[in-house]
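Secondary and tertiary structure notes
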Amino acid sequence: MQREVGIGLEVLKRRILHGDQEAFKEWMDVHIQSIERFAVQYGASLELAGTMAETVFRNIYERLGDVTEADLKECTLFVTAIGGLDGRQNAETSGGLFSFEEDDELHRRLVGMPKEYRVPFILDRFHNKTSMQIAEITGETEQHVEQSLTKAYSLMDEPNLDKKLDFLNRSYERISTSYNEMNIFHSKVEESPPVEQENETDKKKKPYLFWGMGAGILLVLLSIITYTNSDAYQVKAAEKFMEKAKDSFQEELERNLQLAGLPAPEFLRRDIYAETYGEDTRRKFDWFIAGLKDQLERDGRIDKKNAKSELDSLIHELMIPSEMVANVSEKTLVNNQGKSMDFVNEYATKMSTLMKSYMHILAQNESLIRESGWNDEGGYDLETFYAKKSDYPEAFQRAIDGMEAQGFILMNDMSMLSEYVYVYPNTGTRDLSKVLHENLHPDTSIYLAILMGDLFDIQNRSIGEQTDLLLQLEKGLSQAAGYEELYSLTFNAYISMIYSVTGMGGYHEIRDSTGTIKEEYKEVWTRIAFNGKNSPAGQMMRQVVIEMEDSGWTISAYLDRFQYFFIEGEFKRIMGELKK
């Protein structure tokens, strides 16, 4: 799709270079909203941003026939916009530009940032420009751009910054345009072609009846056009769209909650597990409707095309994991690495939220679980628990059915408290795992192993198997950069695996009777140490191996510090150094 858009733009540019005004209009429509938003993000008022966008494109339009390829580069548009904004008074930031105070506060901080950091940050975060493109726009070196971005992100640093910036970007995209196309095209008015005159004889041959009918039809059409463009019609149409959007969203939310066997979010909202399935999307929807109301009040109409696109995106967010699996089994992504990564990240996020909801329901019904008695291993007798399901309250029955449908089963975890039951991804049947592995790109296999519970007993496997998994996790961790949920899952598994491989978990004895490290551990530690200079685990184990060799493989002060949080801290330190 991206390639098709690129090809289309190149065709338009060639037509513009030959003075084609229609091609210019199409090309302008692709870029003008982005330039206007950039001006707002830079600090301009809505009015100034619209005027600036008009000026940028009018300057090109007035030179049609003389413009060059360089004039039509997107980077040139940003350069022109920055030049026009320099020296202008930034918009007053004490008032609210958005419906939500969090967005206004983040916008004020962005506008207050020095230009040297602000421009690269805006282009990187909101316009997806590479360091090379930003360097071309700002006239700086790529190295300087990277330094500016690092500084900008440090200035903006706060909890959940990525998510807040995503919401801010949505708010920017909801801002109605302020530019007026008439102010761009007024300087070039196409000459009307001469009208061929009819002779008097032909005129007399026209039946007066047809003239009357034509006039009547024309009046009706004019009345319809006048009404559909009236303020009253636009307001009514917008209100109707919002009401229909509310109904569609609520129906889809309730349908997915029913499939999951969950109650409506209101029942849990005030509880500690308030982040129930669909609740985050419901909040986004409320902000979406609030934004449309503000747009309607300000402009007298809404942008239905953008609103429909955003509504479709929100409804897609509600899709339950079981339906995601059904869809991917029908339309495989096995040859599409990017979409497979998107799928698994979304799937993992939703499964995590569902797990919280189900754990809350289990806690509410703990007495029923206790009534099932104990099994021979000292855990609850879950077979008896499932057999008595028909005796449980209907809401709990629905939740149990929902767990199974979404790929969860109940398992005893006696690692800490033998009385508590946790919910884990389904490891009881292979069907779900098989469908996902068969229909997703092979690069996602390590994440599926984590999600499907395949690593549940990894500490009991051989040191060789654990080492293989550690190196797979390290590769998967690098690949998961930018995928928040996948990165978090993989990071936790990776740190735990380093902890286990070094023997700090206490599952295996790493020393022989003389106190010397066993040969199999010497072998795998050395293997990890030579995994490459860009391997965080490799750098850690290299330090361990050096100290062990100096002591005859008996002592390493560095290894003695290998507790979970120390390993996590070392990983972050090494990654910071690798990025320099």
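Before reading further, recall that the structure is shown in the block above.
Before going into details, it helps to say that this report is about the structure given with it. Not measured: the values here are computed from a predicted model.

Okay, the overall build of the protein next. When its secondary structure is counted, the protein shows 28 helices and two strands. Here the protein holds 580 residues, and the buried ones make up 42% of them. Once local pairs closer than 6 in sequence are excluded, the contacts in the protein between residues at least 24 apart make up 69%. Surface summary for the protein: the accessible area is close to 32,100 Å², and the carbon and sulfur share equals 51%.

When their charged atoms lie close together, side chains carrying opposite charge are able to pair. By the definition in use, this model includes 35 salt bridges. Among the ionic pairs, Arg15 bridges to Asp20, the shortest N-O distance being 3.1 Å. We classify Arg15 as partly exposed; its relative accessible area is 32%. Accessibility expressed as a relative area gives 25% for Asp20, which makes it partly exposed. For Arg170, the salt bridge is made with Glu317, and the minimal N-O distance between the two is 3.8 Å. Pair noted here: Arg170 is in helix α9 (residues 161–174) and Glu317 is in helix α15 (residues 304–317), with a separation of 147 residues, a long-range link. The exposure class of Arg170 is partly exposed, given its relative accessible area of 23%. Each of the salt bridges in this network shares a partner with another, and the network as a whole consists of Lys163, Arg170, Arg174, Asp280, Arg283, Lys284, Glu310 and Glu317.

For His441, the position within the fold is in the loop between α21 (431–439) and α22 (445–451). When neighbours within four sequence positions are excluded, His441 is seen to be in contact with Leu333, Val334, Asn335, Asn336, Gln337 and Ser340.

This part covers α15. Taking 1.5 Å as the rise per residue, α15 with 14 residues should run 20 Å; its terminal C-alpha atoms sit 20 Å apart, in good agreement. The inward-facing, buried residues of α15 abut α9, α13 (231–260), α14 (279–299) and α17 (337–364). A distance of 3.3 Å separates the backbone nitrogen of Lys305 from a side-chain oxygen at the start of α15, and that oxygen is part of Asp303.

A cluster of basic residues, Lys236, Lys240, Lys244 and Lys304, forms a positive patch at the surface. In terms of residue count, α13 provides more of the positive patch than any other element does, three residues in total. The topology assignment puts Lys240 in helix α13. The exposure class assigned to Lys240 is exposed, which follows from its relative accessible area of 66%.

This part takes up the packing of aromatic side chains. Applying the stated criterion to the full structure yields 29 aromatic pairs. The interplanar angle of 70° and the centroid separation of 5.5 Å between the aromatic rings of Tyr358 and Phe408 together place this pair among those described as edge-to-face. Here the residue Tyr358 occupies a position in helix α17, and Phe408 occupies one in strand β1 (residues 408–412), the gap between them amounting to 50 residues. Taking relative accessible area as the criterion, Phe408 reaches 1% and is therefore assigned buried. Taken together, the ring pairs in this structure connect Phe24, Trp27, Phe57, Tyr61 and Phe185 into an aromatic cluster. Residue placement shows Arg118 over the ring face of Tyr42; its charged tip is 4.6 Å from the ring centre.

Analysis parameters
- Residues numbered from 1 in each chain as written.
- Predicted model: local features only at pLDDT ≥ 70, side-chain atom pairs only at ≥ 80, totals over all residues.
- Heavy atoms only, no water.
- Helix = DSSP H or I, 4+ residues; strand = E, 2+ residues; numbered from the N terminus.
- Buried < 20%, exposed > 50% of the residue type's maximum accessible area, 1.4 Å probe, protein only.
- Contact = heavy atoms within 4.5 Å.
- Areas by Shrake-Rupley, 256 points an atom, 1.4 Å probe, with all protein chains shown as cover.
- Salt bridge = Lys/Arg side-chain N within 4 Å of Asp/Glu carboxyl O.
- Expected span 1.5 Å × (residues − 1).
- Polar contact = N/O pair within 3.5 Å; in protein donor to acceptor, adjacent residues only side chain to side chain.
- Patch = residues over 30% accessible without salt bridge, like charges linked within 9 Å, V, L, I, M, F, W, Y side chains within 5 Å.
- Lys, Arg positive; Asp, Glu negative; His and termini not counted.
- Charge placed at Lys NZ, Arg CZ, Asp CG, Glu CD.
- Phe/Tyr/Trp six-rings, centres within 6.5 Å; stacked < 30°, edge-to-face > 60°.
- Lys NZ or Arg CZ within 6 Å of the ring centre and 35° of its normal.

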